[in-house]
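Architecture and fold: a report
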Amino acid sequence: MVLDDLGSSLRGTLDTLRGKSRISEEDVDEVVKEIQRSLLQADVDVSLVMDLSDSIKERSLDEEPPGGTSARDHVLRIVYEELVDLVGDSTTIPLEEQTIMLAGLQGSGKTTTAAKMAWWFSKKGLRPAVIQTDTFRPGAYDQAEQMAERAEVEFYGDPDSDDPVQIAREGLEATADADVHIVDTAGRHALEDDLIAEIEEIEETVDPDRSLLVLDAAIGQGAKDQAQQFDESIGIDGVAITKLDGTAKGGGALTAVDETGSTIAFLGTGETVQDIERFEPDSFISRLLGMGDLKQLTERVERAMEETQEDEDWDPEDLMKGEFTLHDMKKQMQAMDNMGPLDQVMDMIPGMGGGGLMDELPDDAMDVTQERMRNFEVVMDSMTEEEMANPRSIGASQVKRIAKGSGQPEDRVRELLDQHKMMAQTMKQFQGMGDGDMQRMMKQMQQQGGGGGGGGGGGFGGMF
Amino acid sequence: MFDGLKDKLSNFREDAEEVAEENAEELDDPEAAEEAEDAAASEADAAAGDDAVSDSPAAAASGGAQSGAAVDTASAEAAETDDSGDGDGGDGEEESSAGFVSRAASMARGRVVIDEEDLDGPLRDLEFALLESDVEMSVAEEILDQIRDDLVGEERKFTESTGALVEDALRDALLSVIDVGQFDFLETIAASEKPVTVVFTGVNGVGKTTSIAKVAEYLEQRGFSAVLANGDTYRAGANQQIQEHADNLGLKCISHEQGGDPTAVVYDAVEYAEANDIDVVLGDTAGRLHTSDDLMSQLEKLDRVVDPDLTIFVDEAVAGQDAVNRASEFDDASSIDGTILTMADADSQGGAAISVSHVTGKPILFLGTGQGYDDLQPFDPEELVDDLLADDDD
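Residues numbered from 1 in each chain as written. Chains lettered and ligands numbered in written order. Predicted model: local features only at pLDDT ≥ 70, side-chain atom pairs only at ≥ 80, totals over all residues.

1. Brief notes about the overall build of chain B
The secondary structure content of chain B amounts to 15 helices and 10 strands. The buried share of chain B, taken over its 394 residues, is 52%. Within chain B, contacts between residues at least 6 apart in sequence are counted, and of these 81% link residues at least 24 apart. (Helix = DSSP H or I, 4+ residues; strand = E, 2+ residues; numbered from the N terminus. Buried ≥ 20, exposed ≤ 12 C-beta atoms within 10 Å, placed from the backbone. Contact = placed C-beta atoms within 7 Å.)

In structure tokens form, the structure reads like this:
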């Protein structure tokens, strides 16, 4: 896991500062070098990285750490402040009537983002409309129309027209009743002069309250030139980063906000219209540096729990009462899966991800664990209702049958039963706490530091 | 698309050459002096000394202009030492002037031992240059390691100039990561049993469908018939998009309803191709992030059931450090045979080309260079490296 390596090497360097109260120039040099590596691997622009690391170095040496602060915390705070300073707060998006125009490279995810933003506004009680002006890419109209349908928002487009400016003008008129107009445009890049001229024309006609640059999280050093050109042409007020559910860190967005003097507005984190989040500097920086972020994790946990709940009538709080069955365990595994790749989830838990438990695990431990969870599910699928509800009653002959039915070795079945027993035990401890609130559980886990035995993510501690 | 990298590489060459030249002086210096003393002690005569001096310009002339200066200086100093030795001693004349002969020979070749420390600065600059060009960090480090191994420590002899040493090291390092066994796409298509099934994979929005249309056009123009198969049964508008390309190009496109099984679509297209004597089936797939387990296992299934002749991974040239992650994840799910890099016209840095081919061990087959159907260029790594190292001043 390359990505975790970089987080852990930074943490490792910072750890060498632990316990030191004074900080030497060599110490700072080491830390700055690691920060450079982290940021460069996150695709932040090279010259921006150099500027940042210069001021981090300067401040680390010049500023006196406040009394009682360790050298490590001192440097970390400066790093954080400098980055927060750079990314700023989330772009202000007032909940009022407005027109927003989206621009960006081909395939950056503008059409999907348009629908997601419309969905977001509709959840805020506003009436949005998506206007599709991409007359170039085959299928663009159909895609936008279908996405708008999924978001259950108004849509305007004209598959027969080849004049985006005209569509934009007519679209604004046709959807005059809507509160928020989101104008989607065709993908283009900085060197396509005719297309840059075209978007300038669309911008003049639409006269948007804000123009957002849609950037793929995976974009590399080219982000700088692209952002610069779009800013020059239409003025960029905010950046939407897409495909953050992959492994790319989105450092290009940092470059873009620096280049355009704007901020980050939205984050795209999946393929459905609901997969949109407002930007939060803290979580984003955590991701850039590969360090934990508890807040985001709890949100994801709760959302995943909600999703699982929607599917079936299952309440995580039930875990806190009565017997912990294999049904519960399966639900939990699904909830974990809903949260995203295990290593990412783990990494968000301070003390558990990089720098904590995860660094002590072999590189492929997460894969193994995920593989194991899948195998467990397969085993469970071959169990009867009675066995699921009452796993303790499963005897040797049943193990044999289940193994045969699921195509898994008998050891795997026994492993699952052991795992269940361990988790049931952990659950009992939590029941003792008498509080099922997820957030509390996370906190509890954090306090336990390693979190190994603390029931990570609600009972999976024993698995790692 | 590699212009930025090209400039930066040439900076490295200048810096490294400087280091090499400096070291060439330092090494020749004491040794030459030593030999000169030997010679003096063994009563080298003035004529021998003259030989050395007159040899040197010849050596310099045969060497490149760059090393010329170094060798000149060295020989001039040697000559000086020689003179003083002569003046001091001037006794014993038994020994031959073999010392001078071998010294002259060594000068003609030139030798250099480069200290790792001296090269640290230029190498660090090169690292940043590679990163600035979107070469993935571990790949950049590998390039650096190789150059370091090549240049540092052991004594190197050069026949032309220290510059050639540096250039060779750089060329070898670049080629070793980027030249991973190129194969001719057309020849492979021609040699395979028809219909040839080619499946395209990649993350969302990198240009798979557009690339398929371009490859179809490329094949048609070269006498191969093609049928498109829309294995993207997920994305909104996917059917319409590929159908429109097919209409524009006058091709048949097989598609199922949204939500259908991509494997079945490609399978149907293969049957269609068999029945209608079509040479190539080009199968599209839905874009997916490599972190999506469900979709990645769908891809594994497609790979298993259809067993395509070629699997082509599509990514965009503007992708940054993450390009290697996804390339290797896709390679794991359904082993890829080659890559198409799109948006190479977007002023991209081109590092993705270097990283992706290195990490997958599979060649870049084409570059996508625009929005037209014929904006597809075959990729040749040697040509690229030659171009990267070409001296614009020449």
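Having put the structure on the table, let's press on.
2. Structural notes on the sheet that holds strand S3 (residues 154-156) of chain A
Residue and element names in this part refer to chain A. Taken together, eight strands build an open sheet; the order of strands is S3-S2-S4-S1-S5-S6-S7-S8 and the sheet is mixed. Among the strands making up the open sheet, the edge pair consists of S3 and strand S8 (276-278). Put simply, the sheet's adjacent strands are angled 25° from each other on average, direction ignored. The pairing of strand S5 (residues 210-216) with strand S6 (residues 238-242) spans five bridges and is classified as parallel. If you follow Leu213 over to S6, its bridge partner there is Val239. Contacts between helix H6 (residues 140-151) and the sheet are confined to strand S2 (128-132), S3 and strand S4 (180-184), with S2 contributing the most and set at about 170° to the helix. (Pairing = 2+ DSSP bridges. Axes fitted to C-alpha atoms, helices over the stretch in contact; angles between N-to-C directions.)

3. Here's the deal with the confidence of the model for chain B
Residues and elements named next belong to chain B. Taken residue by residue, chain B gives an average pLDDT of 79. The fraction at 70 or more is 74%. When the criterion is pLDDT under 50, residues 32-37 qualifies, and its contacts beyond four places in sequence or with other chains add up to 14 contacts. A low-confidence stretch, residues 39-108 (pLDDT under 50), is modelled with 104 contacts involving residues beyond four sequence positions or located in other chains. Reported confidences for the modelled complex are a pTM of 0.71 and an ipTM of 0.74. (pLDDT = per-residue confidence, 0-100.)

4. Quick word on the nonpolar core
Ranked by size, the top nonpolar core spans 185 residues in total, and within it Ala118(A), Val130(A), Val239(A) and Leu228(B) carry the most contacts. Aside from chain neighbours lying at most four places away, what touches Leu228(B) is Ile212(B), Ala216(B), Ile242(B), Ala246(B), Leu251(B), Cys253(B), Leu282(B) and Asp284(B). (Core = buried A, V, L, I, M, F, W, Y, C linked by C-beta atoms within 7 Å.)

5. Regarding H6(A)
When the terminal C-alpha atoms of H6(A) are compared, their 16 Å separation across 12 residues agrees well with the 16 Å that a helix rising 1.5 Å per residue should span. In terms of burial, H6(A) is largely enclosed, as 10 of its 12 residues are buried. For H6(A), the set of buried residues is Ala140(A), Tyr141(A), Asp142(A), Gln143(A), Ala144(A), Glu145(A), Gln146(A), Met147(A), Ala148(A) and Ala151(A). Contacts from the buried residues of H6(A) go to helix H5 (110-123), S2, S3 and S4 of chain A together with helix H10 (238-249) of chain B. (Expected span 1.5 Å × (residues − 1).)

6. Let's talk about helix H10 (residues 251-260) of chain A
Of all 10 residues in H10(A), 10 are buried; the element is thus mostly enclosed. Among all positions in H10(A), only Gly251(A), Gly252(A), Ala253(A), Leu254(A), Thr255(A), Ala256(A), Val257(A), Asp258(A), Glu259(A) and Thr260(A) are buried.

7. Quick word on the interface of chain A and chain B
Counting residues at the interface gives 34 residues for chain A, matched by 38 residues for chain B. For the side of chain A that touches chain B, the secondary structure elements donating two or more residues are helix H2 (25-41) and H6 of chain A. Here the side of chain A that touches chain B takes five residues from H6(A), the largest share from any one element. Class assignment of the residues belonging to the side of chain A that touches chain B gives a composition of 13 nonpolar, 15 polar and six charged. (Nonpolar A, V, L, I, M, F, W, Y, C, P; charged D, E, K, R; others polar.)

8. What about the confidence of the model for chain A?
Residue and element names in this part refer to chain A. Averaged over all residues, the pLDDT of chain A equals 80, while 73% of them reach at least 70. The least confident element of chain A is helix H21 (residues 456-459), whose mean pLDDT is 37; the most confident is S4, at 98. Low confidence marks residues 433-437, where pLDDT is under 50. Its contacts with residues over four positions away, or in another chain, come to five contacts. Per-residue pLDDT stays below 50 along residues 444-464; that stretch engages in 52 contacts with residues further than four places along the chain or on separate chains.

9. Structural notes on the sheet that holds strand S8 (residues 338-342) of chain B
Residue and element names in this part refer to chain B. Taken in spatial order, the eight strands of this open sheet run S5-S4-S6-S3-S7-S8-S9-S10, and their pairing is mixed. The open sheet terminates on both sides in strands that have one partner only, identified here as strand S5 (252-254) and strand S10 (376-378). Recorded for the sheet is a direction-independent mean angle of 25° between the axes of neighbouring strands. Bridge count between strand S4 (residues 226-231) and S5: three bridges; the pairing is parallel. Each residue of the ladder has a partner; that of Ala229, found in S5, is Ile254. Of the strands in this sheet, strand S3 (196-201) and strand S7 (310-316) are in contact with helix H13 (residues 323-333), which crosses S7 at around 165°. Across the sheet, helix H14 (residues 351-360) is in contact with S7, S8 and strand S9 (364-368); its angle to S8 comes to roughly 165°.

10. A few points about the pairing of S4(B)
Moving residue by residue along a regular strand, the side chains alternate between the two faces of the sheet. All names here are of chain B. Within S4, six of the six residues are buried, which leaves it mostly tucked inside the rest of the structure. Judged by which residues are buried, S4 turns out to be covered on both faces: Ala226, Leu228 and Asn230 on one side and Val227, Ala229 and Gly231 on the other are all buried. Relative to strand S6 (residues 280-285), S4 is paired through six bridges, and the arrangement is parallel. Bridge pairing in S6 links Gly231 to Thr285.

11. Observations regarding the domain arrangement of chain B
All names here are of chain B. Segmenting chain B into domains produces domain 1 (1-178) and domain 2 (185-379). Across the boundary between the two partners, domain 1 contributes 14 residues, which contact 16 residues of domain 2. Secondary structure elements with two or more residues in the side of domain 1 that touches domain 2: helix H1 (3-41), helix H5 (116-132), helix H6 (137-151) and helix H7 (162-178). For the side of domain 1 that touches domain 2, the per-class residue count stands at nine nonpolar, two polar and three charged. (Domains from an automatic or database assignment.)

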